[in-house]
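Read off the chains here:
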Amino acid sequence: MTGLSEGLDAFRLALELAGTAAFSISGAIAGIHKGMDLLGVLLLGLITASGGGVLRDLVTGCHPPAVFLDPLCPLTALAAALAVFLLCYWGKTVHQKGFLNAILLLADSLGLGIFTVNGVAAAAKISDELSLLLFAGVLTGVGGGVLRDILTESKPYIFVKHFYACASIAGALAYLLGVRFLREIPAVCLGVFITVLLRLLASHYRWNLPRITLPEE
């Protein structure tokens, strides 16, 4: 049983680091698009990677937020952002806009899926209330991206593009359903897969929620 618990802890840590790197990459690319210097790119990567978790911990009363207790995730975020900056700084083709946009989409989708599931799992340690679990999952998933978009003076994806939050909600529900019938690791994979799949499909087919366009005066 101890070995199983240690294996699960290792899986969760690996997943957390993967999500941290993915979101940091998306933040770094957004910063490069906006012409930020090295420091700006590093900070934006760090904020994108850690913002959702910080917001979740503040809402659920976990003080101080977990990101300040373990340097591994912040260091991972900084390393990922630095790698992106250096590749784009020295590379001859990797800085092309189309390539960067594709990487941004993939990284953002993966980060959204992983952080959504991690947010639900973190909230489940203090409550089993469905509304709180869903809120914590979505907040963790979209929070860093919202901060990234605000800092780069872009409209946050959550409000305007590809039912961003809906993909997060679907992934959270898939994970919660999965833990009822599956083991933890398959349930996590299911939640991440559903979120990423919906995010990519929405982007490819340009699925959006209805909106109202007011006439210009």
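Treat the numbers as computed from the prediction; the structure is a model and nothing was measured.

Enquirer: Describe the overall build of the protein, and please don't skip the residues or the numbers.
Expert: Along its length, the protein carries eight helices and zero strands. In sequence order, the secondary structure elements of the protein are arranged as α-α-α-α-α-α-α-α. In terms of overall dimensions, the protein is globule-like: its C-alpha atoms have a radius of gyration of 17 Å, near the 17 Å expected for 217 residues. The principal-axis extent of the C-alpha atoms belonging to the protein is close to 55 × 45 × 30 Å.

Enquirer: Hey, could you go over the side chain of Thr60 for me, with residue numbers and the actual values?
Expert: Residue position: Thr60 is located in helix H2 (residues 38-60). Since its relative accessible area comes to 19%, Thr60 is described here as buried. A polar contact is formed between the side chain of Thr60 and the backbone oxygen of Arg56, at a distance of 2.8 Å. Ignoring sequence-local partners within four residues, the contact set of Thr60 consists of Ile126 and Leu132.

Enquirer: Quick rundown of H2? Include the residues and the values.
Expert: Relative to the 33 Å expected for 23 residues at 1.5 Å per residue, H2 spans 33 Å between its end C-alpha atoms, a close match to the ideal helical length. Within H2, the axis deviates most sharply at Ser50, by approximately 45°. Positioned one or two residues after H2, Gly61 has a phi angle of 80°, which is positive.

Enquirer: Go over the nonpolar core, please, and point to the residues and values.
Expert: The nonpolar side chains of soluble globular proteins are, as a tendency, buried together. If you look at the biggest cluster of nonpolar residues, it comprises 25 residues, and the most contacted ones within it are Phe23, Val120, Val142, Tyr175, Leu176, Val188 and Val192. Elements represented by at least two residues in this core include exactly helix H1 (2-33), helix H4 (97-124), helix H5 (130-151), helix H7 (164-181) and helix H8 (184-205). When neighbours within four sequence positions are excluded, Phe23 is seen to be in contact with Thr48, Ala49, Ala107, Asp108, Gly111, Leu112, Phe115, Gly141 and Tyr164. One finds Val41, Ala81, Val84 and Leu100 within the second-largest nonpolar core, a separate group that totals ten residues.

Enquirer: Which residues make up the pattern of salt bridges, and what are the values?
Expert: Going through the model one piece at a time under the given rule, you end up with five salt bridges. Linking Arg12 and Glu184 is a salt bridge whose minimum nitrogen-to-oxygen distance equals 3.7 Å. Of this pair, Arg12 sits in helix H1 while Glu184 sits in helix H8, and the two are 172 residues apart along the sequence. With its nearest N and O atoms 2.9 Å apart, the salt bridge here joins Arg148 to Asp108. In this pair, Arg148 sits in helix H5 while Asp108 sits in helix H4, placing the two residues 40 residues apart along the sequence. Taking relative accessible area as the criterion, Arg148 reaches 2% and is therefore assigned buried. Taken together, the shared-partner salt bridges in this structure form one network comprising Asp108, Arg148, Asp149 and Arg199.

Enquirer: A description of a nonpolar patch on the surface should follow, citing residues and the corresponding values.
Expert: The grouping of Leu177, Phe181, Leu182 and Leu190 at the surface amounts to a nonpolar patch, some 410 Å² of accessible area in total. With respect to the helices and strands, Leu190 occurs in helix H8. You can call Leu190 partly exposed: its relative accessible area is 31%.

Criteria and thresholds
For every chain, the first residue of its written sequence is number 1, and the numbers climb from 1 along that sequence. In keeping with the predicted nature of the model, local features appear solely for residues at pLDDT of at least 70, side-chain atom pairs appear and are counted solely at 80 or more, and the whole-chain, interface and lining totals rest on all residues. Hydrogens and water molecules were not included; the side-chain quantities draw on all heavy atoms of the structure. Labels follow the DSSP assignment, with helices taken as runs of H or I lasting at least four residues and strands as runs of E lasting at least two, numbered in each case from the N terminus. As defined in this context, the radius of gyration uses C-alpha atoms, and a globule is described by 2.2 Å times the residue total to the power 0.38. We call a residue buried when its accessible area falls under 20% of the maximum for its residue type, exposed when it is over 50%, and partly exposed in between, using a 1.4 Å probe and counting protein chains only. Counting of polar contacts relies on pairs of N or O atoms within 3.5 Å, with two restrictions inside protein: one atom must be capable of donating a hydrogen and the other of accepting it, and residues adjacent in sequence are counted only when both atoms are side-chain atoms. Here, residues are in contact when the closest pair of their heavy atoms is within 4.5 Å. Each residue after the first adds 1.5 Å to the expected span of a helix. A residue's bend is simply the angle between two axes: one fitted to the seven residues ending at it, one to the seven starting at it. The nonpolar core is taken to be a set of buried Ala, Val, Leu, Ile, Met, Phe, Trp, Tyr and Cys residues, with the residues joined through side-chain atoms within 4.5 Å. Note on definitions: salt bridges are taken to be side-chain nitrogens of Lys or Arg within 4 Å of carboxyl oxygens of Asp or Glu. Like-charged residues within 9 Å of one another, or nonpolar side chains (Val, Leu, Ile, Met, Phe, Trp, Tyr) within 5 Å, are grouped into patches, provided each residue has over 30% relative accessible area and no salt bridge. The accessible surface values rely on the Shrake-Rupley method and a 1.4 Å probe; as for residues, cover is taken only from the protein chains in view.

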